[in-house]
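Structural description and commentary
Here is how the chains run, residue by residue.
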Amino acid sequence: MVNSFSPIHPLPTHPHPIPFDHAPPLCYVEFARKNFSRKETDILFLLNAILVGNIFDILAQTGLVARGVLAILLFASLISWALILQKSGLFSRIRRQSDQFLKIFRATKGVANPQGLVSAGSPFANVYAAGYRELQSQVTGTGNPTPVKLKSMQAVTVSMQLAAAEEVRRTEKGMSWLATTAGVAPFIGLFGTVWGIIDAFSGLGTSGSASLRAVAPGIAEALVTTAAGLFAAIPALIAYNYFLQDIRDLAQRLDTFALEFAAQIEKTFT
């Protein structure tokens, strides 16, 4: 009598087990069909379509709405990167010229003519020139002015503050675009994703199949717009925060310089 607990056909054993890294290759899809349920296989197929699928094939199959969304995001991204590169060069030049100007200004005794100072393109040089012009309008003589009477020190300070505010506004150009791209681009990409998912599920009625496999390519196409929205928004957000800190530092340094120059004028002409 055969023991009911003993196997009728024992599995053959290999005298030398094959290492895992030398095992014969298995087809991914065939492995998924044999080892996972239908639901798990559909999920793996979706992930495979999204992560492993050819991105160019996905882009070629996108609809008109998705292509319009991608075109808008590409345009926003190109403008953002152009602003990032332009402002990176601008702030690098400002730091270099400003350090050179302040070094010469603090080494100069008295109130010198702005034409005698280098780095005329520096914001500090423009603030200095604004204060010097107001000073010249209140005193007599040319060159280093010899004052008869300094009418209003407050007027000189206000002139420098206005010039400093104008320099700050000049560096702020384009910041609104970076902020708008960082805030709006993810929602534009999400709109493309939602539209694509709606379009993919609406095709279930005509395809005759209610499985996830039937809508996986459409969902993969839809998710591309979300990725594009993040690709446009993340660099713009990082650059906006970075440049905003540079602008705040510049504004604070210009205000400090205006006070320093006002103190130098007051010491020289009073």
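You'll find the structure just up there.
Report follows, based on the coordinates. (Residues numbered from 1 in each chain as written. Predicted model: local features only at pLDDT ≥ 70, side-chain atom pairs only at ≥ 80, totals over all residues. Heavy atoms only, no water.)

**With respect to the pattern of salt bridges**
Pairing of side chains with opposite charge becomes possible as their charged atoms draw close. A full pass over the atoms with the stated rule returns 5 salt bridges. The residue R95 makes a salt bridge to D246 at a minimum N-O spacing of 3.8 Å. Of this pair, R95 sits in helix α4 (residues 64-107) while D246 sits in helix α9 (residues 212-269), placing them 151 residues apart in sequence. The class for D246 is buried, based on a relative accessible area of 14%. The partner of D99 in a salt bridge is R253, and the shortest N-O contact between them spans 3.5 Å. Of this pair, D99 sits in helix α4 while R253 sits in helix α9, and the two are 154 residues apart along the sequence. Overall, R253 belongs to the partly exposed group, its relative accessible area being 33%. (Salt bridge = Lys/Arg side-chain N within 4 Å of Asp/Glu carboxyl O. Helix = DSSP H or I, 4+ residues; strand = E, 2+ residues; numbered from the N terminus. Buried < 20%, exposed > 50% of the residue type's maximum accessible area, 1.4 Å probe, protein only.)

**Topic: the packing of aromatic side chains**
With the rule as written, the count across this model stands at 14 aromatic pairs. Their ring planes at 80 degrees and their centres at 6.0 Å tell us that F105 and F261 sit as a pair that is edge-to-face. Here F261 lies in helix α9 and F105 lies in helix α4, a separation of 156 residues in the sequence. Relative accessible area serves as the criterion here: at 0%, F261 is assigned to the buried category. (Phe/Tyr/Trp six-rings, centres within 6.5 Å; stacked < 30°, edge-to-face > 60°.)

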